[in-house]
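Secondary and tertiary structure notes
The chain contents come next:
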Amino acid sequence: MKKKTFIGLAIEGDEIRLSSLVKKGGRYVVTTVDSVSIVELKKSVGEKVEKVETQGAGDIFGIEEDETNDLDFLTEELQADQDHEDDEWGGGADPLTSDEDVLTKTIYDLDQVITKIGGSKYDVGLTIPTSGLTYDRISIPSDIKKTKDVRKYVEQKICGIYGYEYISEDHYRYFLYKNNEAFVTTYTTVPLLFELFERLYLLFPNKYFIRCIVPEDIALLRYLDREVTSEEDNTVFINLSNEGARIFFRKGKEFLSSMPLMSRPQSGKAYVNKVFSRLVMELEKGKLQYVTRFVVRDSTSDGEALADVLRANFEETKCDFIKAGNDIHINLPDVEPGTVQKPVSLLTISVGMFAAGSSTPEIAAHDYTPKTVLDRQKVFKLKWHGVVLLVLIALSPIVLNYIYQDMNRDVQELEAKVASNENQIQDLQIFRNAVLDLDTQNNQLLSQMEQIDRLGERSRIWTETLSIIARGLDDIPSTWLTSLQQSEQGFTLEGISMFRNRIPEVVEIFHLAGVRQVGQIQVRDRDFYRFVITISDIVEDESIFDPLPDENQEIPVAGGTQ
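Residues numbered from 1 in each chain as written. Predicted model: local features only at pLDDT ≥ 70, side-chain atom pairs only at ≥ 80, totals over all residues. Heavy atoms only, no water.

Tallying secondary structure elements over the protein chain gives 15 helices and 19 strands in all. Put simply, of all contacts in the protein chain between residues at least 6 apart along the chain, 65% involve residues at least 24 apart. By element, 51% of the accessible surface of the protein chain is carried by carbon and sulfur atoms, the whole surface being about 32700 Å². (Helix = DSSP H or I, 4+ residues; strand = E, 2+ residues; numbered from the N terminus. Contact = heavy atoms within 4.5 Å. Areas by Shrake-Rupley, 256 points an atom, 1.4 Å probe, with all protein chains shown as cover.)

As structure tokens, then:
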């Protein structure tokens, strides 16, 4: 199966640069590098693009009919071309003549360059020129938590900064950092690349798929962050273009601030000195206490001179110079140049990787692809597993019917078994009732036996003990018992005797006992002796309290003896 190709495009100088990438073994390999000249296009239309109104509900990338727009006339011409069978692109004679409009030729050349890559469908990533963008860092109050409230607050701040009455969600993008600060970009013009692909869409609705539209500076963050190892790495990024220069400040991998675009009325040493002086003035404000790296990206002829000035004045600070569209060796860790020998553009590589879905959250948050474009590109892609799924769906009624019939037979068999079991249960119900009655009677008998056991508990001990005491006191006159109690240590016996010498005789009734207390009391003017005896063992052989049954004794039962 052919690997999917992703294409990154960017306008650099007087060309539309193009790079195609294929993912192999976890890395991206550059397979094609090409370009389309737009010198004549710049001359004819002056790179003018439509202004998006910030009031109302207009789409930032909507193509509205406006007689003053230099690009709108192309739509009708391209639509008319589709009505002629012999004028389709890629077949028959060349539809273009020297009299054709320059923009039409640019679109034709762009289509031809991409078609040479091979394939029938193309996933492309586009860039937005830095000149049309504004950057801000906005602090979000800590009490604003919900996403919709954050978005509303950002819109209010943008309107306050630029004097707008209203701005739609298509006009700005933002990324929220952990410290509750948002990095915001605002863009209010139609990118030329997007305009060109919208025209191509009219001709080939199912050929080109826009996967991302990101600002040039945002796309280059992948390159800027390749050597960042900690939050203490401070980078100053200077992007020089024909429109002017913009300076960005990053702390670690976090956007710190940016300076407004410095227009380019002149070139050479005077402009380089202007950019350098503005940079020094900004650094003196102290927002960035020190700089660990300068990165200069140049689309003009002044970049090398600016890099030399920075190296001369900041000798201890590393300074990287990138010549736009002129890099053979790609400085990205997850990209291989492949066999391409032409100069490779870092910008197109970064955008191509973004189109392939490889991007950081900060870059992904600044994708300006309109929702209408995303919706129209949602097509049903039928691959081999989709075909298998369709076959399974087609076979599902037959399979489900077979399963239903099989389950229905099982249900009928189970119903017959249930009916048979119910008949058997009814036959056994009589025995069940009898068993329940016997079980009830048995429980009643067990309850009565438990009551008898509780009532008769230790009755034998007390019976034998009282019998021994009664027999013993028969031989000891003038002695009476007043109390007999049982404790864990044995029995405690209290009594009264007319004669003190008869108290030991009471002790001798028991096997092991002793006098604990003797006291004298008077009853009707006569002396008596109160005593307390502690009994440890009543008898020597305690088996009389729990005698074994006589094996020869006959036990009476109902109906006779046994």
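Additional details are given in the paragraphs that follow.
Counting residues in each nonpolar core, the largest one holds 58 residues, and the members touching the most others are Leu 9, Ile 16, Leu 110, Ile 114, Leu 126 and Phe 197. With 7 residues, helix α5 (residues 192-203) is the single largest residue contributor to this core. Core analysis: the second largest hydrophobic core is formed by 22 residues, Ala 245, Leu 279, Val 291 and Leu 310 among them. (Core = buried A, V, L, I, M, F, W, Y, C linked by side-chain atoms within 4.5 Å. Buried < 20%, exposed > 50% of the residue type's maximum accessible area, 1.4 Å probe, protein only.)

Burial of strand β7 (residues 181-187) is extensive: 6 of the 7 residues sit out of reach of the surface. Pairing of strand β6 (residues 172-176) with β7 involves 5 bridges; the strand directions are antiparallel. Across the sheet, residue Tyr 172 finds its bridge partner in β7, namely Thr 186. Hairpin connection, β6 to β7: the antiparallel pair is bridged by 4 residues, and Asn 180 has positive phi, about 65°. (Pairing = 2+ DSSP bridges.)

Looking now at the confidence of the model for the protein chain. Taken over all residues, the pLDDT of the protein chain has a mean of 79, while the share at 70 or more is 82%. Looking over the protein chain, one finds the lowest element-wise mean pLDDT in helix α2 (residues 73-81), namely 45, and the highest in strand β4 (residues 122-128), namely 92. Confidence over residues 47-99 falls short of pLDDT 50; this stretch has 95 contacts with residues more than four positions distant or in other chains. Below a pLDDT of 50 lies the segment residues 557-562, which in the model reaches 4 contacts outside its immediate sequence neighbourhood of four places, other chains included. (pLDDT = per-residue confidence, 0-100.)

Now for the sheet that holds β6. The antiparallel open sheet is built from 3 strands, whose spatial order is β5-β7-β6. Sheet topology places β5 (133-139) and β6 at the edges, where each strand pairs with a single neighbour. Averaged over all adjacent pairs, the angle separating strand axes in this sheet is 20°, with direction ignored. In the sheet, β5 pairs with β7 via 7 bridges, with the strands oriented antiparallel. Note on β7: the bridge partner recorded for Thr 134 is Thr 186. Where helix α4 (residues 147-162) meets the sheet, its contacts fall on β5, β6 and β7, and the angle it forms with β6 comes to roughly 125°. (Axes fitted to C-alpha atoms, helices over the stretch in contact; angles between N-to-C directions.)

In this section: a nonpolar patch on the surface. A grouping of Val 387, Val 391, Leu 395, Ile 398, Val 399, Leu 400, Tyr 402, Ile 403 and Met 407 is seen on the molecular surface, where their side chains present a nonpolar patch of about 880 Å² in accessible area. Summarising the element assignment, Ile 398 is placed in helix α13 (residues 384-456). For Ile 398, a relative accessible area of 61% gives the class exposed. (Patch = residues over 30% accessible without salt bridge, like charges linked within 9 Å, V, L, I, M, F, W, Y side chains within 5 Å. Salt bridge = Lys/Arg side-chain N within 4 Å of Asp/Glu carboxyl O.)

On the surface, a cluster of negative charge is contributed by Asp 474, Asp 475, Glu 505 and Glu 508. Considering the arrangement of structural elements, one finds Asp 474 in the loop between α14 (459-473) and β16 (479-487). For Asp 474, a relative accessible area of 63% translates into the label exposed. (Lys, Arg positive; Asp, Glu negative; His and termini not counted. Charge placed at Lys NZ, Arg CZ, Asp CG, Glu CD.)

This part takes up the pattern of salt bridges. Oppositely charged side chains can pair when the atoms bearing their charge come close. Scanning the model with the defined rule gives 19 salt bridges in all. Here Arg 376 ties to Glu 198 by a salt bridge, and the two come within 2.4 Å at their closest N and O atoms. Placement of Arg 376 in helix α12 (residues 371-376) and of Glu 198 in helix α5 is noted, with a sequence separation of 178 residues between them. The partly exposed category is assigned to Arg 376, whose relative accessible area is 28%. The partner of Arg 297 in a salt bridge is Glu 216, and the shortest N-O contact between them spans 3.9 Å.

Attention now moves to helix α8 (residues 269-284). For α8, with 16 residues, the first-to-last C-alpha span of 22 Å sits near the 22 Å given by 1.5 Å per residue. On its buried face, α8 is in contact with β9 (234-240), β10 (244-251), β12 (262-263), β13 (293-298) and α9 (303-313). Count one or two residues on from α8 and you reach Gly 286, which has phi positive near 90°. (Expected span 1.5 Å × (residues − 1).)

A separate point is the environment of Pro 477. Positionally, Pro 477 belongs in the loop between α14 and β16. Once the C-alpha coordinates of Pro 477 and Arg 502 are considered, the two residues, 25 residues apart in sequence, prove to be 8.5 Å apart.

The subject of this paragraph is the environment of Leu 224. Topologically, Leu 224 is positioned in helix α7 (residues 221-224). Owing to a relative accessible area of 1%, Leu 224 belongs among the buried residues under this scheme. Along the backbone, Leu 224 and Phe 237 are 13 residues apart, and their C-alpha atoms lie at a distance of 8.0 Å. If near-sequence neighbours (up to four positions away) are discounted, Leu 224 is found in contact with Phe 237, Arg 250, Arg 293 and Val 295.

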